Every structure is written in structure tokens, then in C-alpha cells.
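Read off the chains here:
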Amino acid sequence: FVACLSGRVHLYRGDVGDGSNRFYLLSAIAQTLATILALLVTATLVATQLAAQSFTPRVVGYRRRDPWLWGAVGVYLAGIVASLAAIASARPARSHPIWNWWSIDLTLLLTGAGLLYLVPFTLAILRSLEPASFIRHLLANRDYVGLEDFMRRAVNEGLVRQLQMAMSML
């Protein structure tokens, strides 16, 4: 990152012809990141709905404050904004060579960071769907009413393992 910002390394080698390939690249990056962000939010909402049906509706509040979800939103929005800013600043009348290189490199770095973020994000979301993870969250926040709801639902549905897990962790 520092090497790109200092100008020692460039991820983008340059334009061929009139520079339209730079606009196409930045536009494709913005659209792709927006699509991936929409898919992440949708998958998270579906997982939250399934967990709310299995555990308790308090999962929705848990997910609303999930740092992994907000991290994904931040990383992807930063990439989208950087890409759109690079498109807006790369007009020939306002063109400045240093900003053009720096902004495209920054956009490519943020895109790479967004793609790398997919792996831990997916693992964290899958881990959060485990009953033990949700029980730990309820206990860490001292949400005993939520834990009681969780245990009551486990009793009503005959989920003995979830009840035993909650009792032992309590």
C-alpha cells in the first residue's frame, strides 16, 4: 500500500489510446463491488432470518451490531467511492498525472482488500449461526432475557442439545 502511494509501484500500467480502458476498468470495479456488497447483505439477511426462526428473534439485533457486516459495508463502500472519485477526477480537462495513478492504484488496492475480506467474513457469518456462538454473545452482553427465550424455544421444540449447551455455558 505504501509503495503504491509513494509512486514506487503501480498496479495499473497505463492507458492504450484515449484512456477509455481506464474508465471501463473503474466503472467495472464500481459495479462489481456494488454487486458483491448487495449479495453479502442479502446472504446475511437470509442467514439472520433462518437463525431467528431457529433461535430467537433477538438474532436480528445481534446481526445489526455485527462488526463483520459493518466492516464489509465499509470496505466495499470505500472501494466504490474511490472508483467513482477516480472516474470523476480522470476527465481530460481536470487530469493530473499523479492523482490518476494514485487513485487507480488506491481503487485496485481497495478492490483487492474487499475480495480478501470475503473469506473471513464468510467464516464469521457461518460461525455466528452456531448455537454456541449465539449463546456466548447473549452471555457476554448479559442478555438473560434473550437466553431465557432461547432456552424456552429449545424446550418447546425438543432441542435437548441446545438446552444442555445453554445450561452448561450459563
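Residues numbered from 1 in each chain as written. Predicted model: local features only at pLDDT ≥ 70, side-chain atom pairs only at ≥ 80, totals over all residues. Heavy atoms only, no water.

(A) Seen up close, the overall build of the protein chain. The number of helices and strands found in the protein chain is eight helices and zero strands. Out of the 170 residues belonging to the protein chain, those deemed buried represent 36%. Sequence separation of 24 or more characterises 74% of the internal contacts of the protein chain that already satisfy a separation of 6 or more. Carbon and sulfur atoms provide 66% of the accessible area of the protein chain, an area that totals close to 10,000 Å². (Helix = DSSP H or I, 4+ residues; strand = E, 2+ residues; numbered from the N terminus. Buried < 20%, exposed > 50% of the residue type's maximum accessible area, 1.4 Å probe, protein only. Contact = heavy atoms within 4.5 Å. Areas by Shrake-Rupley, 256 points an atom, 1.4 Å probe, with all protein chains shown as cover.)

(B) Looking closely at the packing of aromatic side chains. According to the stated counting rule, one finds two aromatic pairs in the structure shown. Measuring from centroid to centroid gives 5.7 Å for Trp-68 and Tyr-117, while their planes differ by 40°, and the two rings are tilted. With a gap of 49 residues between them, Trp-68 in helix 4 (residues 67-89) and Tyr-117 in helix 5 (residues 97-128) connect regions that are remote in the sequence. Residue classification places Trp-68 among the partly exposed positions, given a relative accessible area of 32%. (Phe/Tyr/Trp six-rings, centres within 6.5 Å; stacked < 30°, edge-to-face > 60°.)

(C) Representation of the nonpolar core. One finds Leu-33, Leu-40, Ala-72, Tyr-76 and Phe-121 to be the most contacted residues of the largest nonpolar core, which totals 13 residues. Elements supplying a minimum of two residues to this core: helix 2 (20-54), helix 4 and helix 5. Here this core takes six residues from helix 2, the largest share from any one element. For Leu-33, the contacting residues outside a window of four places in its chain are Tyr-76, Gly-79, Ile-80 and Thr-111. Counting eleven residues, the second-largest nonpolar core is a separate cluster that includes Val-59, Phe-134, Ile-135 and Leu-147. (Core = buried A, V, L, I, M, F, W, Y, C linked by side-chain atoms within 4.5 Å.)

(D) Just the side chain of Thr-44, in detail. By the element assignment, Thr-44 lies in helix 2. Of note is the side chain of Thr-44, whose polar atom sits 2.7 Å from the backbone oxygen of Leu-40. (Polar contact = N/O pair within 3.5 Å; in protein donor to acceptor, adjacent residues only side chain to side chain.)

(E) Structural context of helix 7 (residues 144-157). When the terminal C-alpha atoms of helix 7 are compared, their 20 Å separation across 14 residues agrees well with the 20 Å that a helix rising 1.5 Å per residue should span. Lining the buried residues of helix 7 we find helix 6 (131-140) and helix 8 (160-169). Of the residues flanking the end of helix 7, it is Gly-158, one or two places downstream, whose phi is positive at about 70°. (Expected span 1.5 Å × (residues − 1).)

(F) Quick peek at the packing of helix 6 against helix 8. Relative orientation of the contacting elements helix 6 and helix 8 amounts to 35°, with a least axis distance of 10 Å. The chirality of how helix 6 crosses helix 8 is right-handed. Judged by residue contacts, Pro-131, Ala-132, Ile-135, Arg-136 and Leu-139 of helix 6 engage Gln-162, Met-165, Ala-166 and Met-169 from helix 8. Partitioning the contact of helix 6 with helix 8 into residue classes produces seven nonpolar, one polar and one charged. (Axes fitted to C-alpha atoms, helices over the stretch in contact; angles between N-to-C directions. Left-handed = near helix turned anticlockwise from the far one by under 90°. Nonpolar A, V, L, I, M, F, W, Y, C, P; charged D, E, K, R; others polar.)

(G) Focus on the confidence of the model for the protein chain. Here the protein chain averages 79 in pLDDT, while 80% of its residues score no lower than 70. At the low end of the mean pLDDT range in the protein chain sits helix 1 (residues 2-6), at 65; at the high end sits helix 4, at 89. (pLDDT = per-residue confidence, 0-100.)

(H) Structural detail: the side chain of Thr-48. Within the element layout of this structure, Thr-48 appears in helix 2. Using a relative accessible area of 6% as the deciding quantity, one classes Thr-48 as buried. If we skip the residues at most four places from it in the chain, Thr-48 touches Val-59, Val-60 and Arg-63.

(I) Focus on the packing of helix 6 against helix 7. Interaxial distance between helix 6 and helix 7 falls to 8 Å at its minimum, and their mutual angle equals 150°. In terms of their interaxial angle, helix 6 and helix 7 are classed as roughly antiparallel. The two elements helix 6 and helix 7 meet at a crossing, and its hand is left-handed. Contacts between helix 6 and helix 7 involve Pro-131, Phe-134, Ile-135, Leu-138 and Leu-139 on the former and, on the latter, Tyr-144, Gly-146, Leu-147 and Phe-150. Here the contact of helix 6 with helix 7 is built from residues that sort into eight nonpolar, one polar and no charged. (Parallel < 35°, antiparallel > 145°, perpendicular 65-115°, else oblique.)

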